[in-house]
Amino acid sequence: QPSLQPSLCLAECPGTGSAQAGSAAACQGCPNQGLCAAGAAGPDPAEAAELRARLRAVQHTVLVLSGKGGVGKSTFSAALAHGLAADEHKQVALLDIDICGPSIPKMMGLEGEQVHQSGSGWSPVYVEENIGVMSVGFLLSSPDDAVIWRGPKKNGLIKQFLRDVDWGEIDYLIVDTPPGTSDEHLSIVQYLSASHVDGAVIVTTPQEISLQDVRKEINFCHKVKLPIIGVVENMSGFVCPKCKKESQIFPPTTGGAEKMCQNLNVSLLGKVPLDPQIGRSCDRGQSFLSEAPDSPAALSYRNIIQSKAENHCALSVLSTAAIY
């Protein structure tokens, strides 16, 4: 009788930062074995030097992650970029590495824009003078075009975004990622190892089906030695604008993000309630923080950005001055 046990024990994965990455017994049969093995041998010195030279002018880098799709990573990334850029003396870059589902161009009001080549590389597309954006969405002939690529081609584009884009002097680089813990995530962590990464903000919604995947993302961060700044609980309750009654659209049946953070010893940065204006602002490509500055959700966003500065020593990056 054949064994029903899987041949690969994920719990024994040595992690991409390990000297055994790609060569340990647990790596046999893993689809990412080749990528991890390449990382274990260390990045190509010339390539690492190029990345280091390009990213030297970036002061702080924050990744926005979640194991689950549809929880609001891109929405949070856009709000974070707008919030930080409220300080006109700060330069903010927003990099969208969701290759198959780029939504940042739409959310930032840049749909239909194109990337231009200069002598120093690709030029970001600017929302305002101090917010530059780069996304595969700018490289498509139509927003409805499907990107049907395998992992190596995705990885190559992410490398290009980091190496060939002329970001200039940047205070904050925010990286919006796709859901999961796969090629794009391994690539961005590996490529950014040539410079400094402040850490990851992990976004979830309150229900257990989302938390289940987010726990995997937290485990991924531990394995690749990516610091976790904290967790944001999105879609956390809804207050009816007419009757003012609060409803739990996504019930936190297992205690929500708060309980998960307590169990895993991770900081809970805050909770953002549902607000229909968020969706309308994103569809119009406008800043929700500017369109509804007094809404409970906007106040939550501001408190979350402020709490990052207070709760994470590396994040003087997210100074309160940048969001008021």
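Attention here is on the structure that accompanies the text. (Residues numbered from 1 in each chain as written. Predicted model: local features only at pLDDT ≥ 70, side-chain atom pairs only at ≥ 80, totals over all residues. Heavy atoms only, no water.)

Here we look at the overall build of the chain
When helices and strands are tallied, the chain shows 11 helices and 12 strands. Evaluated residue by residue, the chain yields a buried proportion of 49% over its 324 residues. For the chain, contacts bridging at least 24 residues in sequence account for 74% of all contacts bridging at least 6. Accessible surface, the chain: about 15,200 Å² in total, of which carbon and sulfur atoms supply 51%. (Helix = DSSP H or I, 4+ residues; strand = E, 2+ residues; numbered from the N terminus. Buried < 20%, exposed > 50% of the residue type's maximum accessible area, 1.4 Å probe, protein only. Contact = heavy atoms within 4.5 Å. Areas by Shrake-Rupley, 256 points an atom, 1.4 Å probe, with all protein chains shown as cover.)

Section: the pairing of strand β8 (residues 199-204)
Judged by how many residues are buried, β8 sits mostly within the fold: 6 of 6 residues are covered. Bridge count between strand β1 (residues 58-65) and β8: 4 bridges; the pairing is parallel. For V62, the partnering residue across the bridge sits in β8 and is G199. Pairing between β8 and strand β9 (residues 228-233): 5 bridges, direction parallel. When the bridges of β9 are listed, V201 appears paired with G230. Between β8 and its parallel partner β9, the chain crosses via helix α7 (residues 208-223), and the hand of that crossover is right-handed. (Pairing = 2+ DSSP bridges. Right-handed = clockwise from strand over helix to strand, strands pointing away.)

Details of the pattern of salt bridges
Enumeration according to the criterion identifies 10 salt bridges in this entry. In this structure, K68 and D213 form a salt bridge, with 3.5 Å as the shortest nitrogen-oxygen distance. In this pair, K68 is assigned in the loop between β1 and α3 (73-84) and D213 in helix α7, connecting sequence segments 145 residues apart. On the basis of relative accessibility, which here comes to 25%, the residue K68 falls in the partly exposed class. Three or more residues are tied together by salt bridges with common partners; here these are K68, D213 and K216. (Salt bridge = Lys/Arg side-chain N within 4 Å of Asp/Glu carboxyl O.)

Notes on the pairing of β9
Summarising burial for β9: 6 of the 6 residues are buried, a large majority. In this structure, β9 lies alongside strand β12 (residues 268-271), joined through 3 bridges in parallel fashion. Across the sheet, the residue bridging to V232 is G270, located in β12.

Re unusual backbone geometry
Notably, M235 is not glycine yet its phi reads approximately 55 degrees, a positive angle. Within the chain, N265 stands out as a residue other than glycine whose phi angle is a positive 55 degrees.

Points about the nonpolar core
Counting residues in each nonpolar core, the largest one holds 83 residues, and the members touching the most others are L63, F76, L95, M108, M134, I188 and L226. Here this core takes 6 residues from α3, the largest share from any one element. When residues no more than four places from it in sequence are discounted, the contact partners of L63 are V175, I188, V189, L192, V197, G199, A200, V201 and L226. (Core = buried A, V, L, I, M, F, W, Y, C linked by side-chain atoms within 4.5 Å.)

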